[in-house]
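Observations on chain architecture
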Amino acid sequence: MNPGETYTTRFKWHDEHDRTLVVDCSDPRLPEARHDFLNKCCGISRYDPIIIPGGPVTATLSNAFCYVDQERIRMLHGLHKFQRVIGIVHFECGYYKHH
């Protein structure tokens, strides 16, 4: 695609959503596994994702870096009124190795 060109997706817009917040790690190896787990084990496909290093643990810490993520979660809740939160962690997460 060249600069200035417009891309139009073949996917349609969905107004409905599952009223679920998913907090997951930013590891690039996980998106397919995350979608598979959420769809097959939790029965959801349209959720609010927060993708951050370490996943749910960083959303619960009390430091300036995590404050930004917590504010984003508050903003999403205000907009989408999610009714449940799912936190996903994974084996050999680099965040936990370094903290």
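Above: the structure in question.
These figures come from a predicted structure and were not determined experimentally. (Residues numbered from 1 in each chain as written. Predicted model: local features only at pLDDT ≥ 70, side-chain atom pairs only at ≥ 80, totals over all residues. Heavy atoms only, no water.)

Here the focus is the sheet that holds strand β3 (residues 84-87). As summarised here, the arrangement of the 3 strands in space is β2-β1-β3, forming an open sheet in which the pairing is parallel. The outermost strands of the open sheet, each flanked by one partner alone, are β2 (48-51) and β3. Here the average twist between neighbouring strands, direction ignored, is 20°. In terms of strand pairing, strand β1 (residues 20-24) meets β2 through 4 bridges, oriented parallel. What sits directly across from Val 22, in β2, is Pro 49. (Pairing = 2+ DSSP bridges. Helix = DSSP H or I, 4+ residues; strand = E, 2+ residues; numbered from the N terminus. Axes fitted to C-alpha atoms, helices over the stretch in contact; angles between N-to-C directions.)

Turning our eyes to something else, we now look at the pattern of salt bridges. Applying the stated criterion to the full structure yields 4 salt bridges. With its nearest N and O atoms 2.5 Å apart, the salt bridge here joins Asp 27 to Arg 29. Arg 29 gets classed as exposed once you look at its relative accessible area, which sits at 60%. One salt bridge in this structure joins Asp 36 and Lys 40, with 2.9 Å as the shortest N-O distance. With Asp 36 and Lys 40 both in helix α1 (residues 31-42), this residue pair falls 4 residues apart, about one helical turn. Judged by relative accessible area, which is 65%, Lys 40 ranks as exposed. (Salt bridge = Lys/Arg side-chain N within 4 Å of Asp/Glu carboxyl O. Buried < 20%, exposed > 50% of the residue type's maximum accessible area, 1.4 Å probe, protein only.)

Residues other than glycine seldom take positive phi values, yet Lys 81 does so here, at roughly 50°. Relative to the elements of secondary structure, Lys 81 occurs in the loop between α3 (64-80) and β3. In this structure Lys 81 comes out as partly exposed when scored by relative accessible area, which is 48%. The phi torsion at Glu 92 lies on the positive side, around 60°, for a residue other than glycine. Structurally, the position occupied by Glu 92 is in the loop between β3 and α4 (94-98).

Leu 21, Val 23, Ile 50, Ile 52, Ala 59, Ile 73, Leu 76 and Phe 82 form the largest nonpolar core, which has 8 residues in total. In this view, Leu 76 contacts Leu 21, Asp 48, Ile 50, Lys 81 and Phe 82; residues no more than four positions away in its chain are not counted. In terms of nonpolar packing, the next biggest core, distinct from the first, is built from 6 residues, Val 22, Leu 38, Ile 44 and Tyr 47 among them. (Core = buried A, V, L, I, M, F, W, Y, C linked by side-chain atoms within 4.5 Å. Contact = heavy atoms within 4.5 Å.)

Bringing the environment of His 77 into the picture now. Positionally, His 77 belongs in helix α3. Sequence spacing of His 77 and Gly 43 is 34 residues, and the spatial spacing of their C-alpha atoms is 20 Å.

Another aspect to go through is α1. The first and last C-alpha atoms of α1 sit 15 Å apart over 12 residues, in line with the 16 Å expected at 1.5 Å per residue. Positioned one or two residues after α1, Gly 43 has a phi angle of 70°, which is positive. (Expected span 1.5 Å × (residues − 1).)

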